[in-house]
Amino acid sequence: LLGYTSSGFRNLVLRQEESGEDKEAERKDLRSTVMQTLVWPYMQEVKVVDVHEEELVVTGSYNTSAMLVRQGMPVYISPSDVLTDSRLEGDVWWNLTYPFEPAGEVISAANGTMTMKMRHPCLPSNATKQLPKLLVPAGPDVIPEAQALVDAAERHGTAAAGAAAPWASEEPLLL
């Protein structure tokens, strides 16, 4: 997977140099796809206990033997549970699954109960049969470790292209 990812970044750099077109959106898509692939086995579903729609706050329970939850950890919406309009290219719009990006964060967690502040008003409810499912990494190191692997693959692919990618910098990438 990391060789494929490195090759993907290499090809993006080469295509951008050849065409002069900005490939930032494609780079972000590749990072997101690889991140989802790496972390998916470590994502745990939260059992929703209470929803405060006005405040976008959700309380849920989790298995303390399977998860180590800390304040500040990201909360994701299960991508297959929500469709959203997304621009493919130009003026072409499609209904695609919700992007794999944080939709909220854990604001407190203790004794198998967590409180999450969501950024998106699409919240689980009885009316939606508890969809969308909310997912949290099994531990606080899951996302940073996967991000470090993707960063390394991007650096390797960029170096293999023989040039510094136009988006590369000394600053860490924050996605």
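For every chain, the first residue of its written sequence is number 1, and the numbers climb from 1 along that sequence. The predicted origin of the model limits local features to residues at a pLDDT of at least 70 and limits the giving and counting of side-chain atom pairs to 80 or more, whereas totals for whole chains, interfaces and linings rest on all residues. Water and hydrogen atoms were dropped before computing side-chain values, which therefore reflect all heavy atoms in the structure.

Asker: Can you help me understand unusual backbone geometry in this one?
Answerer: Note: most peptide bonds trans; most residues except glycine with negative phi. The step from Leu131 to Pro132 runs through a cis peptide bond, and the omega angle for that step is 0°. In this description a helix means any DSSP run of H or I spanning at least four residues, a strand means any run of E spanning at least two, and both kinds are numbered starting from the N terminus. Mapped onto the fold, Pro132 is located in the loop between β7 (113-118) and β8 (134-137). Although it is not a glycine, Leu56 adopts a positive phi angle of roughly 60°. In this structure, Leu56 sits in the loop between β1 (43-52) and β2 (57-61). Positive phi, close to 55°, is recorded for Lys129, a residue that is not glycine. Note on placement: Lys129 falls in the loop between β7 and β8. Any residue under 20% of the maximum accessible area for its type is buried, any over 50% is exposed, and the rest in between are partly exposed; the area is computed with a 1.4 Å probe on protein chains only. The exposed category is assigned to Lys129, whose relative accessible area is 72%.

Asker: For this particular structure, what's the right way to read the environment of Thr5?
Answerer: With respect to the helices and strands, the residue Thr5 is situated in helix α1 (residues 2-19). On the accessibility criterion, Thr5 (0% relative accessible area) is buried. When the C-alpha atoms of Thr5 and Ala153 are compared, they prove to be 6.1 Å apart, with 148 residues separating the residues in sequence. For this analysis, residues touch if any pair of their heavy atoms sits within 4.5 Å. Beyond its immediate chain neighbours, meaning those up to four positions away, Thr5 contacts Leu30, Val34 and Ala153.

Asker: Please clarify how the sheet that holds strand β3 (residues 74-77) should be interpreted in this entry.
Answerer: In any sheet, the strands associate via hydrogen bonds between backbone groups, in a parallel or an antiparallel arrangement. The criterion for strand pairing is that DSSP finds at least two bridges linking the strands in question. Around the barrel, 6 strands lie side by side as β1-β2-β7-β6-β3-β8; this closed barrel has antiparallel pairing. Across the sheet, the mean angle separating the axes of adjacent strands is 40° when strand polarity is ignored. Two strands pair when backbone bridges link them, and β1 and β8 are joined in this way by 4 bridges, in the antiparallel orientation. The partner of Glu45 across the bridge, within β8, is Leu135. Orientation is described by axes fitted as lines to C-alpha atoms, over the contacting stretch for helices, and by angles from 0 to 180 degrees between their N-to-C directions.

Asker: So what exactly am I meant to see when it comes to the nonpolar core here?
Answerer: Looking at soluble globular proteins, one finds that nonpolar side chains tend to be buried together. The biggest cluster of nonpolar side chains holds 20 residues, and the ones touching the most others in it are Met114, Met116, Met118 and Leu134. Put simply, the parts of the chain that give this core at least two residues each are β1, β3, β7 and β8. Considering each element in turn, this core owes the most residues, 3 residues, to β7. Excluding residues that lie within four positions of it along the chain, Met118 makes contacts with Leu56, Val58, Val75, Ala103, Gly104, Leu123 and Leu134. Definition of nonpolar core: a set of buried residues of the types Ala, Val, Leu, Ile, Met, Phe, Trp, Tyr and Cys, connected through side-chain atoms within 4.5 Å. Of all hydrophobic cores here, the second largest spans 14 residues; its members include Tyr76, Phe100, Leu135 and Val142.

Asker: I keep staring at the side chain of Thr59 and nothing clicks. Help me out?
Answerer: With respect to the helices and strands, the residue Thr59 is situated in strand β2. Assessed through its relative accessible area of 18%, Thr59 is described here as buried. Thr59 has contacts with Lys47, Val48, Val49, Asp50, Thr113, Met114, Thr115 and Met116, leaving out every residue within four places of it along the chain.

Asker: Got a minute to help me understand the pattern of salt bridges in this structure?
Answerer: Pairing between side chains of opposite charge can happen when the charged atoms of each approach one another. The working definition used for a salt bridge is a side-chain nitrogen of Lys or Arg within 4 Å of a carboxyl oxygen of Asp or Glu. Counted under the stated rule, the structure contains 8 salt bridges. Across the pair Lys23 and Glu26 runs a salt bridge, and its minimum N-O distance is 3.5 Å. For Lys23, a relative accessible area of 8% gives the class buried. A residue is classified by how much of its surface remains accessible, and Glu26, at 33% relative accessible area, is partly exposed. When the shortest N-O distance is used, the salt bridge between Glu24 and Arg27 registers 2.7 Å. Of this pair, Glu24 and Arg27 both sit in helix α2 (residues 24-39), 3 residues apart, which is roughly one turn of the helix. Note on Arg27: relative accessible area 2%, which makes it buried. Residues joined by salt bridges that share partners form a network here, namely Glu24, Arg27, Arg31, Asp151 and Glu154.

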